[in-house]
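Per-entry structural report
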Amino acid sequence: MADYDLVIRGGTVVTAADTYRADVGVRDGRIAAVGEQLEGVETLDAGGLYVMPGGVDTHCHIEQLRPNGKADEESFATGSTACLAGGTTSVVTFAAQFKGHGIRDTLAEYHRRAKQAMVDYSFHQIITDPSDTVVREEIPEVVASGVRSLKVFLTYEPSHLDDREFIRVLAAARRTGALVTVHCENYEAIRWRTAALMADGRSAPKYHSWSRPKVVEREATYRAIALAEMVDQPIQVFHVSCPEVAQEIARAQARGLKVWAETCPQYFVLGAADMDRPGFEGAKFMCSPSPRDKATSDALWDDVRRGTLDVVSSDHSGSSYEGEGGKRIHGNNAPFPDIPNGVPGLTTRLPLVFSEGVVKGRIDLNTYVRLIATNPAKLFGLYPRKGTIAPGADADVVLWDPGKRVTITNDLMQHTIDYTPYEGMEVTGWPVATVKGGRVAMRDGKVQAEPGTGRFLPRAPYDLIKPTGNLPDGFDASAFA
Ligand code: MN
Ligand code: MN
């Protein structure tokens, strides 16, 4: 007699800690047992495959509203399809604030839109205008509703915060028990270099990287760490592009600060040279911080192995090449500051990290699972419901063929974006099935989930992101500002 709704049979289970042969028994959408010779109503043969926790992508932009009232091309429906095709089952996306507006009402709009999702989801609340009302009334409400992370930009017009505004957000997060995630680049330095490049007629896509050298990322990272240290507020530094920045993070971690950091596949496999491709093609590779060069990418793996960088997210932020809102919206000769920023990557995150990391011998299997599932789940308060294979966890599982060789094409992405920056790249290792909430949601590339099957993941307070209590002079200024 069958004890389980579904049994994933005969695979090699891989978690953050262990690799072993076992069956996984699923009941009522959760993992009920990991054992031998389990019997299910339905059976999924995992012979020769790795059975790993579904990917947790804690930095991706999906159906994010823009100041002009439109939304990202990637909707929750298409974004979910891309995630499931690539073995990802949970995301943390963004709810944006526009200057002069509050956050309560726009968050409601994101909840409404996310009802189409087929992966589970939570939000980071972006703060661009920390007014008294937002800081005193709205942030506490939004965080209490389970949106337990705030996101700030130290660059970009009009999103960037000055130091005073950033400190106010850090203090609000400390009072309410939220993590702060930070885009670290120096706003004034990039403005200054951009103006000079324009004055010198250097406006092609490749000059995007000239406008933001490593040092502007390093400066902003150090400043973010220093201000977070003063407030005693834990932070995660987003999308670290180079070892020079990772060094600042390692120094902070070594002195006991709660500073974490992620990187993204684009920093392992793309480079500034890609933005110098003929014609306007370089626009397809434009994202911030800028991808650097091969030596930098290779060295970044050292920081992953050391644990300085412990999450790999996609920062999926797609604009198509053609079409309204796309990379060419301002024409084929648009100066780089006018070109929409960001690269798509929901589907390619797991395959690229596996192929570049595990297959090339840079990291082991368990480190891989930590980077793409376990650590992001822990850092954002989703663990152990997400990010592991154990009794009680949600039955979100990816079945992985470690030897499958795939040439990446945009058709395989199943996103709405009309290109992938990884077109033609060869990878080894690919997801052959994705189980989400105990149901087979993708098999052999065919996504078979229904819109609305994704659930909101409210995040309760958790210990990892509690302040250290180490305050200058023992004085908690956050209580007053
Ligand atoms: Mn960013
Ligand atoms: Mn981003």
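Observations regarding the overall build of the protein chain
A count of helical and extended segments in the protein chain gives 13 helices and 17 strands. Radius of gyration (C-alpha) of the protein chain: 22 Å, near the 23 Å computed for a compact globule of 481 residues. C-alpha atoms of the protein chain, sized along the principal axes, occupy 70 × 55 × 40 Å. Evaluated residue by residue, the protein chain yields a buried proportion of 60% over its 481 residues. Long-range contacts, defined as pairs at least 24 residues apart, comprise 77% of the intrachain contacts of the protein chain with a sequence gap of at least 6. Per element, the accessible surface of the protein chain, about 18100 Å² overall, is 49% carbon and sulfur. For the protein chain, the distance from the average site of its 53 positive side-chain charges to the average site of its 62 negative ones is 1 Å.

With respect to unusual backbone geometry
Look at the link from Glu-157 to Pro-158: it is a cis peptide, with omega at 5°. Within the secondary structure, Pro-158 sits in the loop between strand S9 (149–153) and helix H4 (163–176). The omega torsion of the bond from Ser-288 to Pro-289 falls at -10°, within 30 degrees of zero and hence cis. Assignment of secondary structure puts Pro-289 in the loop between helix H9 (266–269) and helix H10 (294–306). Located in the positive-phi region is Glu-63, a residue other than glycine, with phi close to 45°. If you trace the backbone, Glu-63 turns up in the loop between strand S6 (55–57) and helix H1 (76–85). At His-239, a residue that is not glycine, the phi angle is positive and equals roughly 30°. As for its placement among the helices and strands, His-239 is situated in the loop between strand S11 (235–237) and helix H8 (243–254).

Some remarks on the pairing of strand S16 (residues 439–443)
When strand S15 (residues 426–436) meets S16, the two strands line up antiparallel, connected through four bridges. Directly across from Ala-433, in S16, lies its bridge partner Arg-443. Connecting the antiparallel pair S15 and S16 is a turn made up of two residues, with Gly-437 showing a positive phi of about 60°. Hairpin connection, S16 to strand S17 (residues 446–447): the antiparallel pair is bridged by two residues, and Asp-444 has positive phi, about 45°.

A short note on H4
Helix length check: H4, at 14 residues, gives a terminal C-alpha distance of 20 Å against a target of 20 Å (1.5 Å per residue), a fit within 8%. Along H4, 10 of the 14 residues are buried, which leaves the element largely enclosed by surrounding structure. Inspection of H4 places Glu-165, Phe-166, Arg-168, Val-169, Leu-170, Ala-171, Ala-172, Ala-173, Arg-174 and Thr-176 among the buried residues, and these make up the whole buried set. The backbone nitrogen of Arg-164 lies 3.2 Å from a side-chain oxygen of the residue at the head of H4, namely Asp-162. Positioned one or two residues after H4, Gly-177 has a phi angle of 80°, which is positive.

Points about the packing of aromatic side chains
In the structure shown here, the tally under the stated rule is 15 aromatic pairs. The interplanar angle of 80° and the centroid separation of 4.8 Å between the aromatic rings of Tyr-207 and Trp-210 together place this pair among those described as edge-to-face. With a gap of three residues between them, Tyr-207 and Trp-210 both fall in helix H6 (residues 207–210), about one helical turn apart. Ring centres of Phe-354 and Trp-400 lie 5.2 Å apart, and the angle between their planes is 50°; this geometry places the pair in the tilted category. Of the two residues, Phe-354 is situated in helix H11 (residues 349–359) and Trp-400 in strand S14 (residues 397–407); the sequence distance between them amounts to 46 residues. Both residues of the pair, Phe-354 and Trp-400, belong to the buried class. Here the aromatic residues Phe-76, Tyr-110, Tyr-121, Phe-123 and Phe-456 are joined through ring pairs into a cluster of three or more. In this arrangement the basic side chain of Lys-284 is found over the ring face of Tyr-321, its NZ or CZ atom lying 4.6 Å from the centre. The ring of Tyr-383 is capped by Lys-378, whose NZ or CZ atom sits 4.8 Å from the centre of that ring.

Concerning the coordination of the manganese ion (ligand 1)
Protein-derived ligands of the manganese ion (ligand 1) are His-183 (ND1) and His-239 (NE2), with the metal-ligand distances lying across 2.2 to 2.3 Å. The distance between the manganese ion (ligand 1) and the manganese ion (ligand 2) comes to 3.6 Å. Residue His-183 is found in strand S10 (residues 179–183), and its partner His-239 is found in the loop between S11 and H8; the two are separated by 56 residues along the sequence. Each member of the pair, His-183 as well as His-239, is classed as buried.

Examining the sheet that holds strand S12 (residues 259–263)
One open sheet holds the eight strands; their spatial order is S6-S7-S8-S9-S10-S11-S12-S13, and the pairing between them is parallel. Since the sheet does not close on itself, it has two edges, and those belong to S6 and strand S13 (311–312), each with one partner. Where H8 meets the sheet, it contacts S11 and S12, and its direction lies at approximately 150° from that of S12.

So, the coordination of the manganese ion (ligand 2)
A four-donor tetrahedral metal ideally has 109.5 degree angles, and a six-donor octahedral metal ideally has angles of 90 or 180 degrees. Protein-derived coordination of the manganese ion (ligand 2) comes from His-59 (NE2), His-61 (NE2) and Asp-315 (OD), at a distance range of 2.1 to 2.2 Å. All donor residues of the manganese ion (ligand 2) come from one chain, and their arrangement in sequence is H-x1-H-x253-D.

Describing the layout of surface pockets
The space that makes up the second largest pocket amounts to roughly 250 Å³. Lining the second largest pocket we find 14 residues, and of these Lys-436, Gly-437, Arg-439, Ala-449 and Thr-453 sit closest to its centre. With three residues, the top contributor of residues to the lining of the second largest pocket is S16. Counted by class, the lining of the second largest pocket contains three nonpolar, four polar and seven charged residues.

Parameters and conventions
- Sequence order as written defines the numbering, with residues in each chain counted from 1.
- As a convention, the first chain written is A and the first ligand written is 1, with the rest following in written order.
- Local features in this predicted model are restricted to residues of pLDDT 70 or higher, and side-chain atom pairs are both shown and tallied only at a pLDDT of 80 or more, whereas totals for entire chains, interfaces and linings draw on every residue.
- With hydrogens and water set aside, each side-chain value is computed from the structure's full complement of heavy atoms.
- Strands are runs of DSSP state E lasting at least 2 residues, helices are runs of H or I lasting at least 4, and numbering of each runs from the N terminus.
- All radius of gyration figures rest on C-alpha atoms, and the globule criterion is 2.2 Å times the number of residues raised to 0.38.
- Residue burial is assigned from relative accessible area. The probe radius is 1.4 Å, only protein chains are included, and a residue is buried under 20% of its type maximum, exposed over 50%, and partly exposed in between.
- Residues count as neighbours in contact if any of their non-hydrogen atoms are within 4.5 Å of one another.
- All accessibility values rest on the Shrake-Rupley procedure with a 1.4 Å probe; residue burial counts only the protein chains present in the view.
- Positive charges are assigned to Lys and Arg, negative charges to Asp and Glu, while His and the chain termini are left out of the count.
- Just so you know, the charge point we use is NZ for Lys, CZ for Arg, CG for Asp and CD for Glu.
- DSSP calls a pair of strands paired once it identifies at least 2 bridges connecting them.
- A helix is expected to span 1.5 Å for every residue after the first.
- As used in this structure description, the phrase polar contact means that two N or O atoms lie within 3.5 Å; if the pair is within protein, one of them must be able to donate a hydrogen and the other to accept it, and residues adjacent in sequence are counted only when both atoms belong to side chains.
- The rule is short: rings of Phe, Tyr and Trp, with Trp giving its six-membered ring, pair when the centres are within 6.5 Å, and they are stacked under 30 degrees, edge-to-face over 60, tilted in between.
- Throughout this description, the term charge over a ring refers to an Arg CZ or Lys NZ atom that lies within 6 Å of the ring centre and within 35 degrees of the ring normal.
- Ligating atoms shown are N, O and S within 2.8 Å of the metal, or 3.2 Å for Na, K and Ca, and water is not included, meaning a site may look less than complete.
- A fitted line through C-alpha atoms represents every axis, and for helices the fit uses only the stretch in contact; the resulting angles, taken between N-to-C directions, go from 0 to 180 degrees.
- Cavities and pockets are defined on a 1 Å grid built over the protein atoms alone: a cavity is a set of grid points where a 1.4 Å probe fits but cannot escape, while a pocket is an open set with protein on both sides within 12 Å along at least five of seven lines, and lining residues are those with an atom within 4 Å of any such point.
- Grid points are joined across faces, edges and corners, and a volume is the space filled by probe spheres set on the points.
- Think of it as three bins: nonpolar holds Ala, Val, Leu, Ile, Met, Phe, Trp, Tyr, Cys and Pro, charged holds Asp, Glu, Lys and Arg, and polar takes everything else, Gly as well.

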